[in-house]
Amino acid sequence: MAALLMPPLRPRKDRVFRGTISHLTNLNDDELRRRYRFGKDSIAYLCNLLQDRLRRPTNKATALTVEQQVCIALRFYASGSFLQVIGDTLGYDKGTVSRVVNDVTDALIDIKDDFVSWPTDVDSINRIKCGFYRQSNFPNVLGCIDCTHVRIQAPSDDEPSYVNRKGYHSINVQAVCDFEGRFTNIFANWPGSTHDSHIFNTSTLSNYLQTNHRGLIDGVILGDSGYACRPYLLTPYANPTERHQQRFNGCHASTRSVIERTFGILKRRFHVLHSEVRMKPEKVCRIFGACAVLHNIALSRNEPLVNDDGAGVRLDQPVQVPAFLGVQDGRNTREHVARVFFNH
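Residues numbered from 1 in each chain as written. Predicted model: local features only at pLDDT ≥ 70, side-chain atom pairs only at ≥ 80, totals over all residues. Heavy atoms only, no water.

Here helix H11 (residues 243-269) is 27 residues long and its end C-alpha atoms lie 40 Å apart, about the 39 Å a rise of 1.5 Å per residue gives. Remark: the principal bend of H11, roughly 30°, maps to Arg-256. (Helix = DSSP H or I, 4+ residues; strand = E, 2+ residues; numbered from the N terminus. Expected span 1.5 Å × (residues − 1). Bend = angle between axes of the 7 residues up to and from the residue.)

Counting 76 residues, the largest nonpolar core has Tyr-77 and Phe-183 as the members making the most contacts within it. In terms of residues, this core owes the most to one element, helix H12 (residues 281-300), which gives 11 residues. When residues of this core are assigned to domains, at least three map to each of domain 1 (24-110) and domain 2 (115-305 + 323-342). Contacts of Tyr-77, omitting those with residues within four sequence positions, involve Val-101, Val-104, Thr-105, Leu-108, Phe-270, His-271, Val-272, Ile-287, Ala-290, Cys-291 and Leu-294. Formed by 15 residues, the second largest nonpolar core is a distinct cluster that contains Trp-118, Phe-187, Phe-200 and Leu-209. (Core = buried A, V, L, I, M, F, W, Y, C linked by side-chain atoms within 4.5 Å. Buried < 20%, exposed > 50% of the residue type's maximum accessible area, 1.4 Å probe, protein only. Domains from an automatic or database assignment. Contact = heavy atoms within 4.5 Å.)

This next bit is on the sheet that holds strand S1 (residues 141-151). Pairing in this open sheet of 5 strands is mixed, and the strands run S3-S2-S1-S4-S5 from one edge to the other. If you trace the sheet from one side to the other, it starts and ends with strand S3 (183-191) and strand S5 (233-234), each paired once. In terms of strand pairing, strand S2 (residues 170-177) meets S3 through 7 bridges, oriented antiparallel. Looking at the pairing, Val-173 lines up with Ala-188 of S3. Strands in contact with H11 are S1, S2, S3, strand S4 (220-222) and S5; relative to S1, the strand with the most contacts, it is inclined by about 45°. Contacting S1, S2 and S3, H12 runs over the sheet at an angle of about 170° to S3. (Pairing = 2+ DSSP bridges. Axes fitted to C-alpha atoms, helices over the stretch in contact; angles between N-to-C directions.)

Put into C-alpha cells, the structure is as follows:
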C-alpha cells in the first residue's frame, strides 16, 4: 500500500559529453581573434603558461584539456555573454563554463606579478621616462593614473554604495599604465561610489610612493584634477594664468590621455568589462585583473586591436630634471617642472 503512495521516479537522463572539438584546428588567426582575441600561437602560449595550474588531476578521457579551458574563458572575456550562451555556443554545460572561468581567472591572477608590476630597476624606469618624453615632451613620467567603472548587476549586500555618480552599479578600478599602454599597477577593490582620490590614498601604490619617493629624481605619475597634487603625483593647474602653466596643462593632458586610451582598448578587446557583469563584486574585481594580465600579454605578443604608437621607443638616458630644493609638496614641485620645461 505504501508503495502505491510514492511518487513515480523520474527517468535518469543520459550523460552527454560535449565540446570535444578543438576550434584551433578549424579556424585561421583572424577568425580566432574575432572569437578569442588571440591568434593560434598566442593561445598556445597561454596554454603553456597556465598548464600547471589548469591540468586536471585525472586520467578520464572526458576531462577538459588546458586548451579547452583557456578557450572557454577567453570566449567569455571577449564576448561578455551569459555563461549559458557561452556553453550553448561551445557545447558545454553552464556549470562547466562557470567553473572553468573561475579556474582560469584564478590562474591568471596567480601570475599577475609576472606581467603587471611596478618598475623598480633602473633600466625599466629609464625606458618608461624616455618613452613618455619622446611621445609628449613631458619629463620624468613613470606612469599615468586614472579610474574606470565596470558595470555590475545590483548586489544584494550594501547595494547603495555600488551606485556611481552616473547612476548605475559598478566597481571603480584604479590603474596605472606606461607610455605603451601597459598596465604597471591595478587596484580593483572599491564600489562605484568611492572617489578616485580615496582609492589612491588607500592603495599600496600610494603607501609605496610616500615611503620610497625621493623627489623628482625618482619620477612622477600624472593624474587628473580629481587627485590631490603631490610631489610624486602631478595634477593640472585649476586656473592657469601664466603661459608656462597653460603649456604645462596642455602637455599634461596630452601625456595623460594614454591611460584613457588604454581603458578603451581593454574594454574593446574584452567586452565582459564593457557590459553588465552578472557576478559578485569580488569576482568582477578578479576578472578585471585577469583581463589586465591578458592585455599586457597581448601587447608583448603584438596582438592586433592595440594602439602601438611609440612602441619600441628607447633612449639611453632620460631627460635630466634639475633638482628641486624648495618645499617638497605637490604644488611647488609642479610649479618647478612647469617653469623649467614649459616657460618658453
